[in-house]
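Working through the structure, step by step
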Amino acid sequence: MLLKLLAVGTKLPQWIQQGYREYAQRMPRECRLELFEIALGARSTTAEKARADECERMLRAIRREDYVIALDVTGKQFDTPKLAQLLQEWMFGGHDVAFCIGGPDGLGAECIDRANLRWSLSPLTFPHSLVRVMVAEQLYRAATILKNHPYHRA
């Protein structure tokens, strides 16, 4: 199974790139994590138009059979053991999973509508670039729970 992290933003600080890579490299082979960066929409237009543009490009990277998860502040919140359970279900589901992370103006409505699940990391607002690191770390943590690895308990 491939876990696709579709994230808006392409010119991010080195520490964000390093943080993401650190956890992506640790993921087990049976659930690889791959980043698909989506260019920011033009900021010379309205925020709504920029979001729609980003969303359109994001939807092109999603296959029809992918299970889609929108990172959205109004989505469901999970504790880590529940995320591990979901990861196991996705692995047995036989489909790739696409995580959609919007840009500075959020995620476009069509991406949210396409989602099979909306996931909120917290009621707090985080920088969109940091969310890719947080999602990668949580997916790695969930994978360690499934493998009975001590990382989660550390």
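Report on the accompanying structure.

About the criteria used
- Residues numbered from 1 in each chain as written.
- Predicted model: local features only at pLDDT ≥ 70, side-chain atom pairs only at ≥ 80, totals over all residues.
- Heavy atoms only, no water.
- Helix = DSSP H or I, 4+ residues; strand = E, 2+ residues; numbered from the N terminus.
- Polar contact = N/O pair within 3.5 Å; in protein donor to acceptor, adjacent residues only side chain to side chain.
- Contact = heavy atoms within 4.5 Å.
- Pairing = 2+ DSSP bridges.
- Axes fitted to C-alpha atoms, helices over the stretch in contact; angles between N-to-C directions.
- 1 Å grid on protein atoms, 1.4 Å probe; cavity = no way out; pocket = protein on both sides within 12 Å on 5 of 7 lines; lining within 4 Å.
- Points joined across faces, edges and corners; volume = space filled by probe spheres on them.
- Nonpolar A, V, L, I, M, F, W, Y, C, P; charged D, E, K, R; others polar.
- Expected span 1.5 Å × (residues − 1).
- Buried < 20%, exposed > 50% of the residue type's maximum accessible area, 1.4 Å probe, protein only.
- Arc of directions from axis to C-beta.

Quick notes on the side chain of Ser 120
Relative to the helices and strands, Ser 120 resides in the loop between β5 (117–119) and α5 (128–146). At 3.2 Å, the side chain of Ser 120 forms a polar contact with the backbone oxygen of Val 73. Contacts of Ser 120, omitting those with residues within four sequence positions, involve Asp 72, Val 73, Gly 75, Lys 76 and Gln 77.

Considerations on the sheet that holds strand β3 (residues 67–76)
The parallel open sheet is built from five strands, whose spatial order is β2-β1-β4-β3-β5. The sheet terminates laterally at β2 (32–38) and β5, the two strands that pair on one side only. With direction set aside, neighbouring strand axes in the sheet form an average angle of 30 degrees. Sheet topology places β3 next to strand β4 (residues 97–101); four bridges connect them, and they run parallel.

Considering the layout of surface pockets
Taken as a whole, the largest pocket holds about 350 Å³ of empty space. Of all elements in the fold, only β3 and α5 reach the threshold of two or more residues within the lining of the largest pocket. Per-class residue counts for the lining of the largest pocket are nine nonpolar, seven polar and one charged.

A few points about helix α3 (residues 80–93)
Here α3 spans 20 Å end to end across 14 residues, near enough to the 20 Å set by a 1.5 Å rise per residue. Here α3 has its buried residues at Thr 80, Leu 83, Ala 84, Leu 86, Leu 87 and Trp 90. Across the axial projection of α3, the buried residues extend over an arc of 165 degrees, all falling on one side. Those residues of α3 that are buried lie in contact with β1 (2–8), β3, β4, β5 and α5. With its phi angle positive at about 80 degrees, Gly 94 sits one or two positions after the end of α3.

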